[in-house]
Amino acid sequence: MMNKKKYAAMSAAVLLASVSLAGCGSSNDNASNNASTNAANNGSTNATNDGGTNAGSTNAGTNAGTNAGTTDTPKLTGDFEVQYFVGGYGDKWWTKVIADFQAANPDLHVKALGGPKINEQNKPRWIGGNPPDFVYIDGPELNDRQMVEDGQLEDLTDWIKDAKNVDGDKILDMLAQQPQQFDGKIYNIPLVLNSWGIFWNKALFKEKGWQEPQDFQQFLDVSDKIKAAGTTPFIHTGKYPYYINGAFLYPAIVSANNGDYTVLQDMAANKVEAFESEAVKTALGKIVTLRDKGFIDKASIQINHTDSQMLFLQNKDAFIPNGLWLPNEMSKDIPQGFDFGFIPSITQDAGQKIVANTSTATVAIAKNAKNKDAAHAFLQFVFSKAQASQWAELSGAPSNIKGDISASNAPSFVKDAAKYLTDPNTIVIPTITFNADVDKAMQDATDALTIGKIDPAGWVKRVTDVVKKVAK
Amino acid sequence: MEAGSAKWQRNLFIASFIIPTFAFFCIFTIYPVAKGLYYSMFDWSGMSQTKSFIGLDNFKEMFKDPIVWRAIGNDYFLVVGKIIGIMVIATFFAVALTRFNFKMAGFFRSIFFIPNVISVVVIGVLWNFIYNPQIGFLNAFLSLFTDEKVTITWLGFTNHTIWMLLPPAIWAGIGFYMILLIAAIQNIPASYYEAAELEGATQWRQFRSITVPLIWEQMKVSILNIMMTTLNGSFVIVWIMTEGGPDNSTQVMGSYLYQMAFRQYHFGFGAAIGVLILMLSLITTVVLQRLLRHETVELS
Amino acid sequence: MNNGIRNPIVKIVFYAILILWGLSVLYPLLWTLLDALKNNDQFFRHAPWSLPDFPLLWSNFSYVWNKYNFDSYFMNSIIITTGSTLLGLLLAATTAYVLARYKFMGSGALYLLYIASMMVPFILALIPLFFLMNSFHLINTKIGLILVYTSSVLAFGIFVLVGFFRSLPKELEEASIMDGASYFGTFFRVMLPLSQPGLITVAIVNVLNIWNEYIVGTILVNDPTQYTLPVEIGVMQAEMQYRTEWGPLFAALFFTIVPVLLVYIIFQRKIASGITAGAVK
């Protein structure tokens with residue numbers, strides 16, 4: 001006990017004095033800048049931790065010990081664990097960035113915990129208060145809203161305000177999408193910027209003489225033609241209805257609300273009136289239109305993403321609602337001559353702006369991280385131009401860093417998509433995370449709607465019932 | 001003193017055979033299971049480090065949830081469907097392979113057990129391919145007989161999709177029960193059948209009045225076992241094939257437990273469903289035992 | 001002895017049913033093998049029952065084997081399955097014997113407790129189990145999995161073996177005791193050998209269950225070097241969802257089926273007689 005207290009006191013002193021704990025490779029004035037923010041941050045967390053965990057202090061202690069002799073070179077030491085889910089984007093970028101970070105911090109022992117099941121595998125560690133230091137929030141069984149509610153994530157509000165990356169650029173200024181706020185606080189920083197949208201095969205459309213649609217009427221018109229030509233116009237991933245919700249329904253709601261996306265934010269805040277609004281009913285009506293015109297592939301309801309995507313790639317279906325990861329995910333199976341066409345939304349009326357429903361995958365620091373210094377440094381490392389620009393290339397999807405993606409080696413459709421996201425004529429919906437129960441209720445209800453089990457009023461009734469229960 | 005020492009020895013023997021197993025069982029099964037069930041009285045997301053005690057609120061909530069009732073209905077549908085399907089087919093095979101003097105009976109008996117050897121993951125993947133509306137086996141097969149390509153979405157009906165999960169469950173379950181019944185039939189003294197034969201009884205008659213009564217005990221064990229494994233194990237095949245969807249139409253208690261505890265962050269609620277499964281299993285066991293009891297015939 | 005079916009038509013119908021069912025269980029094996037030799041394109045262009053195109057993609061097998069370290073998963077699975085099956089047998093047989101032969105206070109209740117535990121959905125225990133194993137420092141260890149798997153198969157073993165021991169004639173033990181053998185000697189030298197068929201039944205069922213178990217494995221092991229086969233298959237399957245490598249997935253499935261199939265073929269006579277012996281009291 002005595003020892004720990006002594007260490008804590010000592011470390012606080014050392015921290016405040018001069019020693020920088022920030023990432024290697026930073027210039028000196030950056031380093032001192034970072035050191036002060038780090039120190040402030042550490043202080044505050046230690047205070048709030050009130051003895052529940054002494055991760056911060058022991059860690060600071062080790063740092064103090066190792067740093068005591070050196071003066072200038074900031075050194076990160078100890079273990080540092082990074083948890084990252086491996087999904088449609090693959091893990092090329094993560095392997096690279098972790099290797100680079102390790103190389104820049106030879107005294108730090110960086111441990112990569114990655115994989116498609118990592119969220120399940122590491123869950124007990126989060127419950128047990130022994131989580132990895134740094135987490136990439138993506139994939140199933142990890143929900144940022146829930147993690148915040150559960151008090152799992154470090155409050156980054158103060159730190160991020162003027163945090164700079166290793167090049168000395170202010171991180172917030174670089175982000176295309178600002179971090180989502182939970183009760184005015186920031187816990188996670190968006191790393192990957194994805195947009196939902198509708199895909200088609202340009203080559204096929206050209207060959208058949210179909211017009212690439214720009215609004216809902218054109219979409220219906222061309223779908224009529226497509227159907228007449230014997231192709232099913234629209235397939236979606238019924239087993240996971242968040243695809244059609246994200247790429248079709250939510251943009252439709254915003255369009256029907258005259259481009260005002262606050263309705264979605266109200267929905268996320270569990271306001272019943274938002275779900276009962278006309279905009280929602282109009283948007284649901286558009287799904288009903290697709291259904292009643294027989295545009296929706298009947299196979300949709302039971303198939304998962306790979307199956308639906310495969311059918312789409314085989315030109316069995318003309319349109320698919322999906323996310324920008326699609327071409328990378330299916331890269332091995334894209335037939336010769338297939339050319340992705342993409343529009344973020346297809347539900348707007350002629351003359352209305354296009355609506356891009358973005359979804360970001362974020363990174364965060366665990367509240368109970370043992371090596372918060374390394375975690376902060378890693379954040380600063382990740383959000384550098386050098387690292388972030390590789391994301392597009394290695395993962396085939398836009399990162400959340402502003403900048404001219406057209407200069408990068410990113411695939412051409414990523415560049416096309418990125419144009420939409422920066423175009424002033426596009427309404428960009430910031431990432432919205434719904435309550436898990438409400439989200440599930442909306443998914444089930446949308447599925448039921450597409451197969452004619454319920455009508456839009458039934459959809460609203462079902463979802464609002466859940467919202468009322470959750471809001472209690 | 002002799003008697004006392006013998007008694008002591010006996011007790012030592014009993015203790016040394018009972019206690020290690022029981023201790024082991026308590027640590028690695030009873031304790032975690034009991035603790036899991038205990039969470040049913042908490043409002044806990046399953047992720048946070050804090051949980052709050054809410055008594056029986058999860059149970060009150062549970063009985064108001066229509067999906068729970070549907071899940072119970074689906075579970076009992078599977079229980080009844082599996083009991084009938086498995087028992088009829090397994091009994092048929094068991095009788096056919098023992099009483100009918102078929103050639104290659106041994107061969108059939110061996111291969112019929114194979115589905116029990118295969119991991120349920122493989123079974124799930126396999127049947128998903130069978131049911132796949134576009135590239136699946138079933139539609140391709142049916143298309144051989146029709147002009148137009150058949151595109152039935154086998155796992156996407158508005159209602160009764162649960163019916164589609166019955167064939168894989170039965171298919172996978174036959175082998176074990178068949179062998180159990182074969183064993184029982186082989187234990188019936190041949191003289192019984194010879195006597196019946198002399199009286200000119202038909203095969204059906206022999207089956208009715210000799211085989212069934214004498215293997216009834218094994219049939220009872222089979223039925224109880226099917227019921228138990230279905231109520232707490234059917235979620236695996238459901239989860240692999242449909243994840244309870246579409247629109248919760250194939251949800252069973254186990255899959256809903258998983259969904260709530262691990263996908264919707266209501267671990268306490270999930271634990272309450274676990275308690276429900278345990279209760280229903282116990283009640284159903286008692287009821288089934290009563291129903292099946294009076295027909296028992298002891299082998300003399 | 002019985003004369004079988006006399007009516008030839010009925011006989012043909014019965015044969016047809018047997019053969020159809022036989023095909024339905026054999027075909028999946030063949031199908032798994034054939035699909036392991038295909039590439040994605042063939043999955044979509046051809047009927048599901050079509051043969052793979054030439055050249056056959058045997059590379060799917062080597063790809064999976066090398067890329068996913070299947071040899072070490074094999075070893076892990078074999079060690080864990082063997083260890084927990086043997087330990088589980090010992091613990092179940094001893095208790096089952098006493099429960100079958102000796103009355104003592106609470107013996108009935110104890111038996112019921114074991115049986116009732118078979119009705120509890122085990123996934124509920126996952127999270128408490130993780131913390132338990134964590135406090136024993138048994139996460140990511142083979143010992144940890146062996147202990148948990150052993151415990152999870154106890155109830156079934158006791159259930160079957162109690163029935164089995166009850167079916168054995170009491171005279172044998174009595175004679176053994178008369179000869180001056182101790183209780184332990186009687187059990188290990190007389191009763192255990194006699195109960196071999198029952199033990200084999202339990203062993204086989206346990207081997208199958210443990211070999212194929214992946215949910216507990218996924219939670220208790222997150223170090224890839226310690227994965228068991230099914231855990232790896234689960235991870236692969238999750239990965240395949242994002243990469244759609246169906247051929248390799250089927251190759252991997254084939255790898256997991258073959259060993260249990262071999263075990264089954266080798267022991268199938270014993271399994272049949274074992275289940276028989278175990279079930280018939």
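Throughout, residues of each chain are indexed from 1 in the direction in which the sequence is written. Chains and ligands are labelled sequentially in the order written, the chains with letters from A and the ligands with numbers from 1. Note on the predicted model: pLDDT of at least 70 is required for a residue's local features to be given, and 80 or more for side-chain atom pairs to be given and counted; whole-chain, interface and lining totals, by contrast, use all residues. With hydrogens and water set aside, each side-chain value is computed from the structure's full complement of heavy atoms.

An unreviewed UniProt entry lists chain B under the name ABC transporter permease subunit, from Paenibacillus sacheonensis. We quote the UniProt Subcellular location (unreviewed entry) comment for chain B here in full: "Cell membrane". We quote the UniProt Sequence similarities (unreviewed entry) comment for chain B here in full: "Belongs to the binding-protein-dependent transport system permease family." UniProt positions are given in the numbering used here, feature names are shortened, and annotations may be inferred rather than shown by experiment.

The name an unreviewed UniProt entry gives chain A is Extracellular solute-binding protein, with Paenibacillus sacheonensis as the organism.

With that out of the way, let us pick up the overall build of chain B. Here a strand is any run of E in DSSP of at least two residues, a helix any run of H or I of at least four, and the numbering for each starts at the N terminus. Helices and strands together make up the secondary structure of chain B, namely 13 helices and two strands. Put simply, the radius of gyration uses C-alpha atoms, and a globule should come to 2.2 Å times the residue count raised to 0.38. Here the C-alpha radius of gyration of chain B, 24 Å, is well above what a compact globule of 300 residues would show, namely 19 Å. Only protein chains enter the area calculation, which uses a 1.4 Å probe; residues under 20% of their type maximum are buried, those over 50% are exposed, and those in between are partly exposed. By the burial criterion, 61% of the 300 residues in chain B qualify as buried. Contacts are assigned to residue pairs that have any heavy atoms within 4.5 Å of one another. A fraction of 68% describes how many contacts in chain B between residues 6 or more apart in sequence connect residues 24 or more apart.

When its secondary structure is counted, chain A shows 21 helices and 11 strands. Across the 472 residues in chain A, those meeting the buried criterion constitute 61%. Long-range contacts, defined as pairs at least 24 residues apart, comprise 76% of the intrachain contacts of chain A with a sequence gap of at least 6. Approximately 17300 Å² of chain A is accessible, and the part contributed by carbon and sulfur atoms is 50%. Using a 1.4 Å probe, the Shrake-Rupley method yields the accessible areas, and only the shown protein chains count as cover for residues.

Turning next to the packing of aromatic side chains. Any two rings among Phe, Tyr and Trp, with Trp reduced to its six-membered ring, count as a pair given centres within 6.5 Å; such a pair is stacked if its planes are under 30 degrees apart, edge-to-face if over 60, and tilted if neither. Throughout the structure, instances matching the rule amount to 90 aromatic pairs over all chains. Three or more aromatic residues joined by ring pairs form one cluster here, namely Tyr84, Tyr89, Trp93, Trp94, Tyr136, Trp196, Tyr240, Tyr242, Tyr243, Trp325 and Trp391 of chain A. When the ring centre of Phe216 of chain A is taken as origin, the NZ or CZ atom of Lys286 of chain A, which lies over that ring, is 5.2 Å away. Lysine NZ or arginine CZ positioned within 6 Å of the ring centre and within 35 degrees of the ring normal marks a charge as sitting over the ring. Positioned over the ring face of Tyr111 of chain C is Arg166 of chain C, at 5.8 Å from the centre of the ring.

Here the focus is the domain arrangement of chain A. All names here are of chain A. Each domain span listed reflects an automatic or database assignment of domains. Taken as a whole, chain A is organised into domain 1 (78-193 + 359-424) and domain 2 (195-358 + 432-471). For domain 1 versus domain 2, the distance between C-alpha centres works out to 28 Å. Each side of the interface is counted separately: domain 1 has 19 residues, and domain 2 has 22 residues. Summing both partners gives a buried area of about 1700 Å² for domain 1 against domain 2, and 57% of it is carried by carbon and sulfur. Among the residues domain 1 hides against domain 2, the three largest losses belong to Ser359, Phe413 and Tyr420. Together they make up 36% of the total. Here a salt bridge means any side-chain nitrogen of Lys or Arg lying within 4 Å of a carboxyl oxygen belonging to Asp or Glu. Here domain 1 is connected to domain 2 by zero salt bridges. Polar contacts, as used here, are pairs of N or O atoms within 3.5 Å; protein pairs need one atom able to donate a hydrogen and one able to accept it. Residues neighboring in sequence count only if both atoms are side-chain atoms. Taken together, domain 1 and domain 2 are joined by four residue pairs in polar contact (both at pLDDT 80 or more). When residues of the side of domain 1 that touches domain 2 are traced back to their parent elements, those giving at least two are helix H6 (144-149), strand S10 (354-365) and helix H19 (412-422). Broken down by element, the side of domain 1 that touches domain 2 gets its largest block of residues, five residues, from H19. For any pair of parts, buried area is found by adding up, for both, the accessible area (1.4 Å probe) each one loses once the two are put together.

So, on to the interface of chain A and chain C. Residue-level contacts link 25 residues of chain A with 21 residues of chain C. Summed over both sides, the interface of chain A with chain C buries roughly 2000 Å², with 63% coming from carbon and sulfur. If you look at where chain A meets chain C, you find zero salt bridges. Seen at the junction of chain A and chain C, the total is two residue pairs in polar contact (both at pLDDT 80 or more).

Another aspect to go through is helix H10 (residues 216-228) of chain A. All names here are of chain A. Over its 13 residues, H10 extends 18 Å from the first C-alpha to the last, a length consistent with the 18 Å expected when each residue adds 1.5 Å. When we look at burial in H10, the residues that qualify are Phe216, Phe219, Leu220, Val222, Ser223 and Ile226. Here the buried face of H10 lies against helix H9 (202-208), strand S7 (232-234), helix H11 (242-256), helix H14 (278-292) and strand S8 (317-323). Backbone nitrogen of Gln217 and a side-chain oxygen of the N-cap are separated by 3.1 Å at the start of H10; the cap is Asp215. Residue count minus one, scaled by 1.5 Å, sets the expected span of a helix.

Further remarks concern the nonpolar core. We define the nonpolar core as a collection of buried residues of types Ala, Val, Leu, Ile, Met, Phe, Trp, Tyr and Cys that are connected through side-chain atoms lying within 4.5 Å of one another. With 275 residues, the main nonpolar core has Phe248, Ile253, Met267, Phe319 and Trp459 of chain A, Phe112 of chain B together with Phe70 of chain C as its most contacted residues. Once you skip the residues sitting within four places of it in the chain, Phe248 of chain A turns out to touch Ile198, Phe216, Phe219, Phe234, Tyr243, Lys286, Ile287, Leu290, Ile346 and Thr347 of chain A. Core analysis: the next-biggest nonpolar cluster, separate from the first, contains 62 residues, Val97, Val135, Leu172 and Phe383 of chain A among them.

Time to look at the environment of Tyr265 of chain B. By secondary structure assignment, the location of Tyr265 of chain B is in the loop between helix H12 (253-263) and helix H13 (267-293). The exposure class of Tyr265 of chain B is buried, given its relative accessible area of 6%. C-alpha separation for the pair Tyr265 of chain B and Gln218 of chain B, spaced 47 residues apart in sequence, amounts to 42 Å. Side-chain polar atoms of Tyr265 of chain B contact the backbone nitrogen of Asn143 of chain A, separated by 3.5 Å.

What follows covers the UniProt feature "transmembrane region" (unreviewed entry) in chain B. Residues and elements named next belong to chain B. When the UniProt feature table is mapped onto this chain, "transmembrane region" (unreviewed entry) is found at residues 12-34, 76-98, 110-130, 162-185, 223-242 and 262-288. Helix makes up 100% of residues 12-34 and strand 0%, and the two end C-alpha atoms of the span are 29 Å apart. When the span residues 162-185 is considered, its composition is 83% helix and 0% strand, and the gap between its end C-alpha atoms is 33 Å.

Now for the interface of chain B and chain C. On the chain C side, the residues contacting the 92 residues of chain B number 86 residues. Here chain B and chain C share an interface that buries about 8400 Å² over both sides, 79% of which is from carbon and sulfur atoms. A per-residue breakdown of the area chain B buries against chain C is headed by Phe13, Phe17 and Phe28 of chain B, which together make up 9% of the total. Here chain B is connected to chain C by zero salt bridges. For the side of chain B that touches chain C, the element with the highest residue contribution is helix H1 (residues 2-38) of chain B, accounting for 23 residues. Three residue categories are used. Nonpolar comprises Ala, Val, Leu, Ile, Met, Phe, Trp, Tyr, Cys and Pro, charged comprises Asp, Glu, Lys and Arg, and polar comprises the others, including Gly. Classifying every residue of the side of chain B that touches chain C gives 62 nonpolar, 22 polar and eight charged.

Our focus in this paragraph is a nonpolar patch on the surface. Nonpolar side chains collect at one region of the surface, where Trp8 and Leu12 of chain B together with Leu90, Phe184 and Phe188 of chain C lie side by side and expose about 500 Å² of accessible area between them. At the level of elements, H1 of chain B together with helix H9 (183-194) of chain C are the ones that each hand at least two residues to the nonpolar patch. When you line up the elements, Trp8 of chain B lands in helix H1. The patches reported here contain residues having more than 30% relative accessible area and no salt bridge. Joining distances are 9 Å for like charges and 5 Å for nonpolar side chains (Val, Leu, Ile, Met, Phe, Trp, Tyr).

It is worth spelling out the pattern of salt bridges at this point. Working definition: two side chains of opposite charge can pair if their charged atoms are close together. All names here are of chain A. According to the stated counting rule, one finds 16 salt bridges over all chains in the structure shown. Close ionic contact of Glu154 with Lys372 constitutes a salt bridge, the shortest N to O distance being 3.0 Å. Here Lys372 lies in helix H17 (residues 372-382) and Glu154 lies in the loop between H6 and helix H7 (157-161), a separation of 218 residues in the sequence. An identical accessibility class is assigned to Glu154 and Lys372; each is buried. Of the charged contacts, one joins Asp266 and Lys271 as a salt bridge, the two residues approaching to 3.4 Å between their closest N and O atoms. A relative accessible area of 27% places Asp266 in the partly exposed class. Taking the relative accessible area as the measure of exposure, Lys271 reaches 38% and is therefore partly exposed. Among the charged side chains, a network of salt bridges with common partners joins Glu81, Lys111 and Arg125.

Looking now at the side chain of Ser176 of chain C. Residue and element names in this part refer to chain C. Among the structural elements, Ser176 can be located in helix H8 (residues 171-178). Residue Ser176 is classed as buried on the basis of its relative accessible area, which comes to 9%. A distance of 3.1 Å separates polar atoms of two side chains, one belonging to Ser176 and the other to Thr186. With near-sequence residues (within four places) excluded, Ser176 lies in contact with Ala181, Thr186 and Val190.

Quick look at H11 of chain A now. All names here are of chain A. A rise of 1.5 Å per residue sets the reference length of H11, with its 15 residues, at 21 Å; its end C-alpha atoms lie 19 Å apart and thus fit the reference within 8%. Two axes define the bend at a residue: one fitted to the seven residues ending there, one fitted to the seven starting there, and the bend is the angle between them. At Leu249, H11 shows its largest bend, some 30 degrees, and a proline, Pro251, comes one to four positions later. Following H11 by one or two positions, Asn258 has its phi on the positive side, about 55 degrees.

Here we take up the packing of H14 of chain A against helix H20 (residues 436-450) of chain A. All names here are of chain A. Relative to each other, H14 and H20 sit at 35 degrees, their axes nearing to 9 Å. Side by side, H14 and H20 meet where Leu284, Ile287, Val288 and Arg291 of the first sit next to Thr446, Leu449 and Thr450 of the second. Of the residues contributing to the contact of H14 with H20, the split by class is four nonpolar, two polar and one charged. A fitted line through C-alpha atoms represents every axis, and for helices the fit uses only the stretch in contact; the resulting angles, taken between N-to-C directions, go from 0 to 180 degrees.

So, on to the pairing of strand S1 (residues 78-85) of chain A. Residue and element names in this part refer to chain A. Judged by how many residues are buried, S1 sits mostly within the fold: six of eight residues are covered. Paired strands, as defined in this entry, are two strands with at least two bridges between them according to DSSP. Pairing between S1 and strand S2 (residues 108-115): eight bridges, direction parallel. Along S2, the bridge assignment pairs Tyr84 with Gly114. For the handedness criterion, the strands are oriented away from the viewer, and a crossover whose path from the first strand over the helix to the second runs clockwise is classed as right-handed. In this fold, S1 hands off to helix H4 (residues 92-104), which returns the chain to S2; that crossover is right-handed.

The next thing to look at is unusual backbone geometry. Leaving glycine aside, a negative phi is the common case for residues, and trans is the common case for peptide bonds. All names here are of chain B. One non-glycine residue, Glu243, lies in the positive phi region at around 55 degrees. Tracing the backbone shows Glu243 in the loop between helix H11 (235-241) and H12. Positive phi outside glycine occurs at Asp247, with the angle close to 55 degrees.

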